[in-house]
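Listed below, chain by chain, are the residues.
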Amino acid sequence: MPRWLWPLLCFGCVTAERPARSYSAALETDGEGPPFGSPDDAVAADSPEDLAAEVPELPGETLNASACPQAPVLRSLLKQMGMAEDELKTIFEDPDDPRKRTVITWIDCNVEAIVLKRREDLRGVLSDDLLKLQDLKLLDLSNTGIGGNVATLRKARKLKDVWLQASRVFGDLAVLQNLTNLQQVSFRGSEIHGDLSAAFSNLPEFKFLDLSETKVGGNLAGLPQFPELRRLYLKNTQVFGNLKTLSNIANITALDLSNTSVSGDISAILKWPMVLEVDLSRTKVTGRLGRSWAKCCKRLHTLRLANTQVKFVPLRHVPSPSWMPALSVLELSGSPLNCSIADLLVRALRLCRSLGNLKVARCGLHGRLPRLGRFAVARALASLDLEGNRLTAVTALPLICQTVILADNQNLTFNPGVLKNALANGVFLDLQNVTFAKPAEVTDLLDTTLEIGKYRTLVNEELGFACFDIASGVSLRVSPEKFAPERLCSCMPGWIGSGTSCRKCPRNSFKEDYGLGACLPCPLNSSSPAAARSHDSCQCDVGVLFEQNGTWRCGCPKDYARLGKSCVKCDELHLDCTYAGSEAFSASALPGFARLGHPTRAFQCLPPELRCNATGHKADGPTAVCLKGYSGPLCMDCAATYYATGSRCAPCLAEAAVGWSAWLVAVVVVAVAMVAAWWFSRRSATPAASLSLSTSPTSFSVFKELISAQGPMLLQMCQLWAVLAALSGSKTVGHAGGESDVDAGEFWEVPYVQALQLSVTNLKSALNLQCNYDGAAVRFALALAAPVIPLLLLLCCLVCEFWRHGLGINLGLQAITLLYIGGARSCSDLLSCQETDGAGDALPPGFAFRQAMPYFWCNDESQVKRYVDLVGYVSALCYALVIPCCLLYLYARQHIALQSSRMIGAAAAHSGDLRVCLYQVRGSSVDPQDLCGDSDRRHLAALTAYVAVLLRGRVELRLEAKEALARPLEGASHSDLWDFLASDVKERSITLKCRSITEMLTERCILQEVEQSDRVLSGAKNLLLKYTLCGNLWMEIVQKLVAVGLVSVVGSLDALQLSLAITLAMAAISGMVQPYLLPQLNTLQCCCFLCLALAALSFDFGWPFLSRSALLLPFVVSALLALATPDSAERLAVRLWQEVEPKLGQLQKGQSVEINAEILSFF
């Protein structure tokens, strides 16, 4: 910037009065100043806006502060103090903002004043940039959050005013000794420390010093003589010394040395004719206020000498206005006056016409408070504090006095009307801890003037009383326990007496109310300490207190029962403890629970839990209280005149007599059984070929054959689904008969599905035998017969073997298919002991009972029990070992008989005509003529298998010397069954399928050859032909073992895991092995076992919808399979073989045979 621009920029900055003068002027006034004790208001009363208003308008161009050399320094300083960037921009760049002169004052481009007081948002620090502002004269950071070391001011030699009170500045005060121009300094409330004597040099114009609330110390004698010092504040510092050392500061107007170690004689004040305010409270100052004070301190209006050793000597002959005429506040509390209140007010202060506030608490005053009506002090005194003295009476209150504190004066009396007039005039009276010599005064006030409050505000726990206070709205403060104890106070609960004279209730008694009530004894078997306040304080030896019929008693609380010397939760014992005071030995069992041989707990009943309902009844020893119609352990048996239906007991009806109708039903059942046996025998005797050739095959006939093949598989699935229903645990699986027969449980359908197990136990309610005979005997007989009857029927079927070759074995295998699972389940029920309750908890020793016969204990050694065990174990041996071993024998028999089929292989060539030849897997020659047995029949079987897989339409078959030939006729085509596969996969699949069907038909040839000579294979032919290969008969054995396994594991602890393992394993085996002849059966078998796994989960978790879905899904899959693909290549091969096998002789003569190789479908 050119040098010639500087005069223009600084044109208006040389004539204005500096704002710092306004700070000096505020303290130069000797008249009425701000209230004593508020130096902050005195030294910082002017706001930045006030200072700006005092600065006159500057002529010429306004100063551009940002162009001054000190601007970068000032910006850095303010930024470190915490000022925001946008505010800095306003200060330096906005010429119209008034804060430019208010916050920062520039003179000739030099910073002379920085005023940031009351800026609590600034939390920065003072930096050494302050040292570069050589012309700074005023620094005001009062009441801000700015900190830093005061040493940053050490070179500001032109500094006059420093206002750092209530800031975070710290450091040693000695750094100010080189600042010779100081006039006003305030560090009040900061962290400044140091020695007062070493901090200041001779400052001729020094007027104000405030170091209150700092760590500054030192001797007053070391303080330099400041001839112009007006105000000195050293409150709460470590200053000490003699007050006399300040006597030469003649112009002082305010002095505060309270709470310091300053000592000396009070007479030093006499040297200060200009003094206005003096506070020497809590110092070591001594002396007397005597006659020497008669003509001094005419301007002194505040004198505080609380807790000093200054003595007040009453004046007797003082000229009327001469003794401190301006005194308005006099505080002598805690000083040893030890005179009468009359001497103080009448002789010493009677002429103090300005004395408005007099505090003489705890000064040893005594006597009567006199009437001051004719004295000047009576017309000035507005507040009088006489707390803690020994006054005896109050004659009258000062005329205009609005606050009178008489607290802690004992045996005080008031002249008539004094209290009422004071309260009527709104005078604030503090009578706390005051006792009255005449209680009638208080009684009169309470009856006429005062109202008692609504709440007890004073509670004395040590003496046991509580008091109401005077109602709000009255200018009276009292201590109720001393003001009117008999009217305002009463004994607390647990204390007996009246007023404040209370004593504790003795041990083992209590009192619940305030007042004069008596102490009541604690209930029996309980105790309480002294001063018990309620019945809750009475602690029972066992349990808790409870109220019964208006009387408090000891006992266990609700939901608990007493057991010995403790209370136990009834939920854990399954007891009904609806009411307090229950005993574990007598409490009723919860609904669904029953007592069983255990004196202190009940056991959960088996489903349905409604059979046990002991609510409202008392159990007699181990006998459970059962719902009407139930009896026995855990109410598992039915009472007389009731019959068992599913897992429930229903009442017998009068019209339910059997009579002749029952016998008629029995005859009909026997007749139906005989007709069924005859039909099965005729069907077995009819050759399969004649059945097939009687009519030409259609889609519907194939559909019916598939449905009939799926029936036994679906029946087996339903029987196993009913077995898995036992996993439902506590879920209700039965339904009631009679009136409660509708929707009696979540799994209401289970009893109906259980009927498909074809067990005779389902007949116990069908013929109503339980109602017409002894119900228990009927149930016993049927339970015993249920596992035996399937075995007897099996023996009866075997007897038919003498009637016709293979008939008995055939019927026996069909009986096993239908009755095996139901018989195994009945056998398991007969032998199973119920050793746990419905929740899985073990029953008491000796109380385990038979599931099928609840009235028989498992540990019973009676003859009947041994007979039942004999029947059960023999039946179990038959189901678990004998029948599987018979099937295993059948498997071995077919394996040996059909070995020859596995020694011959077939090879085919398909180029135009289809040619098939046979060969021995291992022999002396590969010549087909060397094949043993009926080679033409086997050639024809192999050719039929290949045709069923490879060709569709009309085909001509012919036998030649070493091979069999199939020639497609007009309209014939190759099978498109495998077109969706890739070429290599397609060829491999076709080859495997041809081989599989060839082996199947070859086994059928051999089986047909040996059936006339082998009775066993002849009877088992239908069972063997159900599988693709007869060797897959092992699946039949596995299914029987799976049924036994599921029946065994459903009652175990790991029933769900084991059931899932068995069913999922069977699903995987069925899906991978594909054992059945019809592929639809393989798919259905896999689906059935997957649904059984799903049913196991649903029963265990109690999901009825999912279990029903698992039951219905196999039927849906069966229908879809039968409708979508009723036929297959395997079924076509069997059908073609049945068609051409009778024409073998015709083929052997060299003639040809035409067949139609078509897979039938509805679509």
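Here is a short report on the structure shown in this document. Numbering of residues starts from 1 in every chain and runs along the sequence as written. At least 70 in pLDDT is required for a residue's local features to be given in this predicted model, at least 80 for side-chain atom pairs to be given and counted, and no such filter applies to totals for whole chains, interfaces and linings, which use all residues. The side-chain values count all of the structure's non-hydrogen atoms but skip hydrogen atoms and water molecules.

Grouped together as the largest cluster of nonpolar side chains are 141 residues, with contacts concentrated most on F200 and F483. Put simply, DSSP marks the helices as runs of H or I at least four residues long and the strands as runs of E at least two long, and each gets a number from the N terminus on. Looking at this core element by element, the count peaks at 6 residues for helix α5 (residues 71–81). Beyond its immediate chain neighbours, meaning those up to four positions away, F200 contacts L173, L176, Q177, L182, V185, F206, L209, P224 and F226. If you look at the next biggest cluster of nonpolar residues, it comprises 114 residues, including L724, V753, I809 and L943. As used in this record, nonpolar core signifies buried Ala, Val, Leu, Ile, Met, Phe, Trp, Tyr and Cys residues forming a set joined through side-chain atoms within 4.5 Å. Relative accessibility decides the category of a residue: with a 1.4 Å probe and only protein chains considered, values under 20% of the type maximum give buried, values over 50% give exposed, and everything between is partly exposed. Contacts were defined at the residue level, with two residues in contact if any of their heavy atoms lie within 4.5 Å.

What follows concerns the packing of helix α16 (residues 699–724) against helix α27 (residues 1034–1049). Geometrically, a packed helix pair is captured by the angle between its two axes and the distance between the axes. Direction vectors running N to C along α16 and α27 enclose 20°, while the axes themselves pass 9 Å from each other. On the basis of their axis angle, the class for α16 and α27 is roughly parallel. Crossing of α16 against α27: the hand is left-handed. Along its contact with α16, which presents Q716, L720, V723 and L724, the element α27 presents Q1039, A1043, L1046 and V1047. Here, axes are lines fitted to C-alpha atoms. For helices the fit covers the stretch in contact, and angles between N-to-C directions go from 0 to 180 degrees. Just so you know how the angles are binned, under 35 degrees is roughly parallel, over 145 roughly antiparallel, 65 to 115 roughly perpendicular, and the rest oblique. Left-handed describes a crossing in which the near helix is turned anticlockwise from the far one by less than a right angle; the clockwise case is right-handed.

Attention now moves to the packing of aromatic side chains. Stacked, tilted and edge-to-face pairs are distinguished by plane angle, under 30 degrees for stacked and over 60 for edge-to-face with tilted covering the rest, among Phe, Tyr and Trp rings (Trp via its six-membered ring) whose centres lie within 6.5 Å. Tallied over the full model, the rule gives 14 aromatic pairs. Grouping aromatic residues by their ring pairs yields a cluster made of W163, F208 and Y233. Counted as over-ring charges are cases with an Arg CZ or a Lys NZ within 6 Å of the ring centre that also lie within 35 degrees of the ring normal. Here the basic side chain of R601 rests over the ring of F603, its NZ or CZ set 4.2 Å away from the ring centre. Against the face of Y820 rests K1040, its NZ or CZ located 5.9 Å from the ring centre.

Turning our eyes to something else, we now look at the pattern of salt bridges. Take a side-chain nitrogen of Lys or Arg and a carboxyl oxygen of Asp or Glu: if they are within 4 Å of each other, that pair is a salt bridge. The tally for this structure, following the rule as stated, stands at 35 salt bridges. A salt bridge links D135 to K158; its shortest N-O distance comes to 2.6 Å. One end of the pair, D135, is in the loop between β2 (110–115) and β3 (138–140); the other, K158, is in the loop between β4 (147–149) and β5 (161–163), and 23 residues separate them in sequence. Accessibility expressed as a relative area gives 39% for K158, which makes it partly exposed. Close ionic contact of D829 with R825 constitutes a salt bridge, the shortest N to O distance being 3.4 Å. Residue D829 and its partner R825 are both found in helix α21 (residues 807–831); the two are separated by 4 residues, about one turn of the helix. Residue classification places R825 among the buried residues on the basis of a relative accessible area of 15%. One network of salt bridges, in which partners are shared, links R915, E956, R958, E960 and E963.

Our focus in this paragraph is the sheet that holds strand β28 (residues 465–470). For sheets, the rule is that strands pair by backbone hydrogen bonds, running either parallel or antiparallel. We treat two strands as partners when DSSP finds at least two bridges between them. Spatially, β27-β28-β30 is the arrangement adopted by the 3 strands of the open sheet, whose pairing is antiparallel. At either end of the open sheet lies a strand with only one pairing partner, and these are β27 (452–460) and β30 (489–491). Mean inter-strand twist for the sheet, computed between neighbouring axes without regard to direction, equals 30°. In this structure, β27 lies alongside β28, joined through 5 bridges in antiparallel fashion. Looking at β28, one finds that R456 is bridged to F468.

Below, the discussion takes up the sheet that holds strand β12 (residues 238–242). If you trace the 8 strands from one edge of the open sheet to the other, you get β4-β6-β8-β10-β12-β14-β16-β18, paired in parallel fashion. In this open sheet, the two edge strands, each paired with only one partner strand, are β4 and β18 (309–312). Strand after strand, the sheet turns through a mean of 15° between neighbouring axes, direction not considered. Judged from the 3 bridges that link them, strand β6 (residues 168–172) and strand β8 (residues 191–195) form a sheet pairing that is parallel. Each residue of the ladder has a partner; that of F170, found in β8, is E191.

Cysteine sulfur pairs qualify as disulfides if the two atoms are within 2.5 Å. A full pass over the atoms with the stated rule returns 13 disulfides. Each sulfur of the disulfide joining C652 and C771 lies 1.9 Å from the other. On the S-S bond that ties C652 to C771, the torsion sits near -80°, and the link is left-handed. Remark: C771 occurs in helix α18 (residues 769–772) and C652 occurs in the loop between β49 (648–651) and α14 (659–685); sequence separation between them is 119 residues. Free cysteine C339: the closest other cysteine sulfur is in C363, separated by 8.5 Å. Among the cysteines around C718, which has no disulfide bond, C1088 carries the closest sulfur, lying 8.3 Å off.

Given the relative accessible area of 23%, D829 is considered partly exposed. As for D829 and A786, which are separated by 43 residues in sequence, their C-alpha atoms are 9.8 Å apart. Apart from the residues lying within four places of it in its own chain, the contact partners of D829 are Q851 and A852.

Quick look at the packing of α27 against helix α28 (residues 1055–1073) now. Where α27 meets α28, the axes come as close as 10 Å, and the angle between the chain directions of the two elements is 165°. Taken together, α27 and α28 sit at an angle that is classed as roughly antiparallel. In this structure, the crossing between α27 and α28 has a hand that is left-handed. Of the residues in α28, those in contact with W1034, M1035, V1038, Q1039, V1042, G1045, L1046 and V1049 of α27 are A1055, L1058, S1059, I1062, T1063, M1066, I1069, S1070 and V1073.

The next point concerns empty space enclosed by the protein. Here a cavity is any set of points on a 1 Å grid over the protein atoms alone where a 1.4 Å probe fits but cannot get out, and a pocket is any open set with protein on both sides within 12 Å along at least 5 of 7 lines; a residue lines the site when it has an atom within 4 Å of a point. Grid points are joined across faces, edges and corners, and a volume is the space filled by probe spheres set on the points. In the structure shown here, the tally under the stated rule is 3 cavities of 30 Å³ or more. Volume-wise, the second largest cavity comes out at about 60 Å³. In this structure, the second largest cavity is lined by P790, L791, L794, A815, I816, L819, Y820, Y879 and I883. Those elements giving two or more residues to the lining of the second largest cavity turn out to be α20 (788–799), α21 and α22 (863–897). Here the element with the most residues in the lining of the second largest cavity is α21; it accounts for 4 residues. Across the lining of the second largest cavity, the residue classes break down as 9 nonpolar, no polar and no charged. Throughout this entry, Asp, Glu, Lys and Arg are counted as charged residues, while Ala, Val, Leu, Ile, Met, Phe, Trp, Tyr, Cys and Pro are counted as nonpolar. The remaining residues, Gly among them, count as polar.

On to a nonpolar patch on the surface. On the surface, a nonpolar cluster with roughly 470 Å² of combined accessible area is contributed by F700, L1123, F1162 and F1163. Counting through the fold element by element, F1163 comes out in the segment after β57 (1153–1157). Taking relative accessible area as the criterion, F1163 reaches 78% and is therefore assigned exposed. Exposure above 30% relative accessible area and the absence of a salt bridge qualify a residue for a patch, where like charges join within 9 Å and nonpolar side chains (Val, Leu, Ile, Met, Phe, Trp, Tyr) within 5 Å. In this description, accessible areas are obtained by the Shrake-Rupley approach with a 1.4 Å probe, and a residue is regarded as covered only by the protein chains that are shown.

With that settled, the discussion passes to α5. For the α-helix, the turn length of 3.6 residues means that residues three or four positions removed from each other point alike. All of the buried residues along α5 are A71, V73, L74, L77, L78 and M81. End-on, the buried residues of α5 take up no more than an arc of 160°, which puts them together on one face. Seen from the buried face of α5, the exposed residues on the opposite side, beyond 90 degrees, are P72 and K79. On its buried side, α5 packs onto α6 (85–93), β1 (104–107) and β2. The arc under discussion is defined with respect to the helix axis, by the directions toward the C-beta atoms.

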